[in-house]
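# Examination of the molecular architecture
Given next are the chains, with one letter for each unit.
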Amino acid sequence: MSLSLFFRFIIGLLLPTLHASFVTKECSHPRLTRSQGNVLFAVPDGSNDDVDLGFLSELSRRDAVFLSVGAVVYGKLVSDAVRKVARGIDYPEDHERRTRDTFRRALLEAPTKANEPLKILEVGMGTDCRTIRRGIYDQAFQDLMKVSPSLVINGIQLTGVDLELPKKDIITEAQGKLASLGDVDKKGHILFDIQDGDLVKGLSRFKDGHFDCITCSLTLCSVEDQNRALQEIRRLLNPNGGTFGYVEHVSVAEGEGHEILEWQQKNLDPLQQLVAHNCHLHRNTDDNIRDTFNAVPSADSSISSPNGNAFILQEERFFVEDMWPVSCQCCGVLKRVP
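Thresholds applied
Each chain has its residues counted from 1, following the order in which its sequence is written. Local features in this predicted model are restricted to residues whose pLDDT is 70 or higher, and side-chain atom pairs enter the listing and the counts only when it is 80 or higher, whereas totals over whole chains, interfaces and linings include all residues. Side-chain calculation: all heavy atoms of the structure are included, whereas hydrogens and water are not. The cut-offs for exposure are 20% and 50% of the maximum accessible area for each residue type, with area from a 1.4 Å probe on protein chains only; residues under the lower value are buried, those over the upper are exposed, and the others partly exposed. Counting from the N terminus, the helices are the DSSP runs of H or I reaching at least four residues and the strands are the DSSP runs of E reaching at least two. We treat two strands as partners when DSSP finds at least two bridges between them. The predictor's confidence in any single residue is recorded as pLDDT, a number from 0 to 100. By the convention used here, residues are in contact when the closest approach between their heavy atoms is within 4.5 Å. Should a side-chain nitrogen of Lys or Arg be within 4 Å of a carboxyl oxygen of Asp or Glu, the pair is scored as a salt bridge. Here an angle of 0 to 180 degrees is reported between the N-to-C directions of two axes, which are lines fitted to C-alpha atoms, with helices fitted over the stretch in contact.

### Section: the pairing of strand S2 (residues 156-162)
Within S2, six of the seven residues are buried, which leaves the element mostly enclosed by the surrounding structure. Of the pairings in the sheet, the one linking strand S1 (residues 118-123) to S2 comprises six bridges and is parallel in character. Each residue of the ladder has a partner; that of Leu121, found in S2, is Thr159. Sheet analysis places S2 next to strand S3 (residues 190-196), joined by seven bridges and oriented parallel. Bridging across to S3, Gln157 finds its partner in Leu191.

### A word on the confidence of the model for the protein chain
Summing up the model confidence of the protein chain, the mean pLDDT is 79 and the portion of residues at 70 or higher is 69%. Contacts for the low-pLDDT stretch residues 1-53, under 50 throughout, to residues beyond four places or in other chains number 184 contacts. Below pLDDT 50 for its whole length, residues 83-87 participates in five contacts with residues either more than four positions away or in separate chains.

### Describing unusual backbone geometry
For the peptide bond that leads from Trp324 to Pro325, omega is 0°, which places it in the cis range. Here Pro325 lies in the loop between strand S7 (310-319) and strand S8 (328-336). With a phi angle near 65°, Asn115 is a residue other than glycine that sits in the positive phi range. Within the secondary structure, Asn115 is located in the loop between helix H3 (93-109) and S1.

### Overview of the pattern of salt bridges
Overall, the coordinates contain 17 salt bridges when judged by the stated rule. The residue Arg133 makes a salt bridge to Glu173 at a minimum N-O spacing of 3.2 Å. Placement of Arg133 in helix H4 (residues 130-133) and of Glu173 in helix H7 (residues 168-182) is noted, with a sequence separation of 40 residues between them. Overall, Arg133 belongs to the partly exposed group, its relative accessible area being 23%.

### Examining the pairing of S8
The element S8 is largely enclosed, with a buried count of nine among its nine residues. Covered by surrounding structure in S8 are Cys328, Cys330, Gly332, Leu334 and Arg336 together with Gln329, Cys331, Val333 and Lys335, the residues of both alternating faces. Relative to S8, strand S5 (residues 243-249) runs antiparallel, the two being bridged by seven bridges. Note that in S8 the partner of Gly245 across the bridge is Val333. Strand direction decides the pairing type here: S7 and S8, joined by nine bridges, are antiparallel. The residue of S8 that forms the bridge with Ala310 is Arg336.

### Quick word on the sheet that holds S7
A sheet is described by the order of its strands in space; here eight strands give the open sequence S3-S2-S1-S4-S5-S8-S7-S6, paired in mixed fashion. Looking along the sheet, the strands with just one partner apiece sit at the ends: S3 and strand S6 (295-297). Ignoring which end each strand starts from, the neighbouring axes of this sheet average 25° apart. As paired elements, S1 and strand S4 (residues 213-217) share four bridges and run parallel to each other. By the bridge assignment for S4, Leu121 is matched with Ile214. Packed onto the sheet, helix H5 (residues 138-147) meets S1, S2 and S3 and runs at close to 150° relative to S2. Helix H11 (residues 285-293) contacts S5, S6, S7 and S8 of the sheet and is inclined by roughly 160° relative to S5.

So, in structure tokens, the structure goes:
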């Protein structure tokens, strides 16, 4: 192992602890399972490509031991942070509030059709159906029933997609929670199912424009090919007013004043991908979303047909304490137009 790699490795291990203790306390991300696919990694050069780990095959046994121990220690740091912040399936309120607000705006802005249910897709729902069980959709569904009388008759259909399916008891609990929401004043109904699927490979079982609203939370960090995943989301979204609501962690932008976190994102990414199931710390996900949808600000909505095919209804970049190293996050809602 070269001296520079050794020191990069040692400093990479020490800085998270120092940073969490003395700088901003930006630490922890409870989603550590493959199916939930949202944990902690990024590319050294700041691009969206996966890190080339071919150098591992050239390491000596001693070097491999150094990296293995480093991965274990780094994993321990992450798991300690997770235990410190995790409260069941809850996240810090700064994150939760934005997720609730983002999903609510996306659902309320989605188009409704006569004699058809509102079709919603959540990508990367996870094996714990956590957004449903955390109550992220509660207010949105209740408000929808009030402002869209047709939904009282036609109902709402929520479909989750992930690499792995939850256990039966988790699905049953989620279905029960949504059923109780749909029974407000004995009106309306909310149907829920979850299917296995891979955005990158494509969800060919659904036709183009099948969904009126698509949501995701901390999912696009770990997909194998983010551009292909976003193209599939765009394909599935109703081109006549369909909405896309997202909450993701992203790379620190220049001028945001978090240089240490940015350094960590770049330099800890290879270890992060090894111990955290391909999660990328340094992806410019918000930029990629805008580019994929060719989105323009909603202030330009006076133009009947924008130079693109989506309006940005809202977007925000923010930092959440206690979610290091995924504390730099973004959220937004896009609306497709013909």
